[in-house]
Amino acid sequence: MKLNGKEQLEAAIMNFPGYVNDNIDLTAFMEDEQKHRVRNAWEYRDRLRDLILGSGEVGQSMPWDAFGGKMEFRKSEMTLWAGFKGHGKSVIISQVLEHLMDKCEQKVFIISPEFPAHRVLYRLMVQSIGQRYPDANLLDMWLEAVKDQLWIYDQ
């Protein structure tokens, strides 16, 4: 049975971090129309003006007023959190994610190469509901509340 490009890619991902073949057909994921990515700076004039005048894209703020708009999460931008083990990154990230989902009604996507997906979810749930060992009903209520907003990469 011959696999199509998408099936080949899915099979390769399932074998990751093993060897991924260089001959995977990615045409199933390509756009029909090729887009040219090189542009003249003048084409960005209006968007640049909006950015300078403050009428452009506004991101989601941090959950603490002390940041005073100095850090925002904007669409199409990636945020990485790094630091020493045990210095509170996971606690802060959980608070920010809770804020983005609950107050800002945003979808979030978590990639944690350090922890398995169920551990990441457990830490976020404990911080969100304030209980280390909730009953099945409370667990289901939390999962129901985040099911359309919380996505996680399972390493």
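For the structure given in this document, a descriptive report is provided here. Just so you know, these numbers come straight off a predicted model, no measurement behind them.

What follows deals with the overall build of the chain. Of regular secondary structure, the chain possesses five helices and four strands. Starting at the N terminus and walking to the C terminus, you meet the elements of the chain as α-α-β-β-α-β-α-α-β. Residue burial in the chain is summarised as follows: out of 155 residues, 16% are buried. Pairs at least 24 apart in sequence give 43% of the contacts found in the chain among residues at least 6 apart.

Leftover empty space is mapped by rolling, across the atoms, a probe with the size of a water molecule. Taken as a whole, the largest pocket spans an internal volume of roughly 1200 Å³. Mapped by element, the contributors of at least two residues to the lining of the largest pocket are helix 3 (89-102), strand 3 (108-111) and helix 4 (117-129). The greatest single-element share of the lining of the largest pocket, amounting to eight residues, is contributed by helix 3. Along the lines of polarity and charge, the residues of the lining of the largest pocket split into 19 nonpolar, ten polar and nine charged.

Right, let's get into the side chain of glutamine 149. Looking at the element boundaries, glutamine 149 is found in the loop between helix 5 (136-146) and strand 4 (150-153). The exposure class of glutamine 149 is buried, given its relative accessible area of 16%. A polar contact is formed between the side chain of glutamine 149 and the backbone oxygen of methionine 101, at a distance of 2.8 Å. With residues up to four places along the chain from it excluded, the contact list for glutamine 149 reads Met101, Glu105, Gln106, Lys107 and Val108.

Another point: the pattern of salt bridges. Under the counting rule described, the total for this entry stands at five salt bridges. Where arginine 45 meets aspartate 46, a salt bridge forms, and the shortest distance between an N and an O atom there is 4.0 Å. A relative accessible area of 31% means that arginine 45 is categorised as partly exposed. In this structure, the salt-bridge partner of arginine 74 is glutamate 72, at a minimum N-O distance of 3.1 Å. Residue classification places glutamate 72 among the partly exposed residues on the basis of a relative accessible area of 26%.

Cut-offs used in this document
- Residues numbered from 1 in each chain as written.
- Predicted model: local features only at pLDDT ≥ 70, side-chain atom pairs only at ≥ 80, totals over all residues.
- Heavy atoms only, no water.
- Helix = DSSP H or I, 4+ residues; strand = E, 2+ residues; numbered from the N terminus.
- Buried < 20%, exposed > 50% of the residue type's maximum accessible area, 1.4 Å probe, protein only.
- Contact = heavy atoms within 4.5 Å.
- 1 Å grid on protein atoms, 1.4 Å probe; cavity = no way out; pocket = protein on both sides within 12 Å on 5 of 7 lines; lining within 4 Å.
- Points joined across faces, edges and corners; volume = space filled by probe spheres on them.
- Nonpolar A, V, L, I, M, F, W, Y, C, P; charged D, E, K, R; others polar.
- Polar contact = N/O pair within 3.5 Å; in protein donor to acceptor, adjacent residues only side chain to side chain.
- Salt bridge = Lys/Arg side-chain N within 4 Å of Asp/Glu carboxyl O.

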